[in-house]
Amino acid sequence: GWYGEVLTAKHTKLARQAATFLSDTAGVSKERILVVDDSAASRKLFSVLLKEEGYRVKSAADSDQALPLLDSFKPDLVLMDVLQPGAGEPEIRLAG
């Protein structure tokens, strides 16, 4: 499982910064969040921290998994690793 992977302080700091930013963003609908990252450890970390803050979270490893979730889950916000393979695809940047 993901617990066997080493999570760097940078990953943890980034995830906490995202959770803090979201909690400080007044007036923005953010009930449902989609996390897209090719790292299973990063997806799990973001999901756990965001769920602790009360958000409904789904995750996807790549754009092939993310695109159907845009229709079915209807996220209010997408957190995406833009450096992952396939992240620059136009349909991801323009969708939702």
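Going by the structure above, here's the rest.
First, a word on what this report is: a plain description of the structure on this page. (Residues numbered from 1 in each chain as written. Predicted model: local features only at pLDDT ≥ 70, side-chain atom pairs only at ≥ 80, totals over all residues. Heavy atoms only, no water.)

**Some points on the sheet that holds strand 2 (residues 56–60)**
Consideration 1: Ordered by their spatial adjacency, 3 strands build an open sheet running 2-1-3, and the pairing between neighbours is parallel. The open sheet is flanked by strand 2 and strand 3 (77–80), the only strands paired with a single partner. Taking the axes of each pair of neighbouring strands and ignoring which way they run, one obtains an average angle of 20° across the sheet.
Consideration 2: Along the sheet face, helix 2 (residues 40–52) touches strand 1 (32–36), strand 2 and strand 3 and points at about 175° away from the line of strand 2.
Consideration 3: Where helix 3 (residues 63–72) meets the sheet, it contacts strand 1, strand 2 and strand 3, and its direction lies at approximately 145° from that of strand 2. (Pairing = 2+ DSSP bridges. Helix = DSSP H or I, 4+ residues; strand = E, 2+ residues; numbered from the N terminus. Axes fitted to C-alpha atoms, helices over the stretch in contact; angles between N-to-C directions. Contact = heavy atoms within 4.5 Å.)

**Observations regarding the nonpolar core**
Consideration 1: The biggest cluster of nonpolar side chains holds 10 residues, and these are Ala15, Ala18, Ile33, Val35, Leu45, Phe46, Leu49, Leu50, Tyr55 and Val57.
Consideration 2: Core analysis: the second largest hydrophobic core is formed by 7 residues, Leu34, Ala66, Leu69 and Phe73 among them. (Core = buried A, V, L, I, M, F, W, Y, C linked by side-chain atoms within 4.5 Å. Buried < 20%, exposed > 50% of the residue type's maximum accessible area, 1.4 Å probe, protein only.)

**Focus: the pairing of strand 2**
Consideration 1: Direction of pairing for strand 1 relative to strand 2: parallel, over a ladder of 5 bridges. Across the sheet, Val35 pairs through a bridge with Ser59, a residue of strand 2.
Consideration 2: In the classification by handedness, the crossover that spans strand 1, the intervening helix 2 and the parallel strand 2 is right-handed. (Right-handed = clockwise from strand over helix to strand, strands pointing away.)

**Quick notes on helix 3**
Consideration 1: Three or more residues of helix 3 are buried, namely Ser63, Ala66, Leu69 and Leu70. Looking straight down helix 3, one finds that the buried residues subtend no more than 120° of arc, so they occupy a single side. For helix 3, the exposed residues lying more than 90 degrees away from the buried face are Asp64, Asp71 and Ser72.
Consideration 2: Between the side-chain oxygen of the N-cap and the backbone nitrogen of Asp64 there are 3.1 Å, and the N-cap of helix 3 in question is Asp62. (Arc of directions from axis to C-beta. Polar contact = N/O pair within 3.5 Å; in protein donor to acceptor, adjacent residues only side chain to side chain.)

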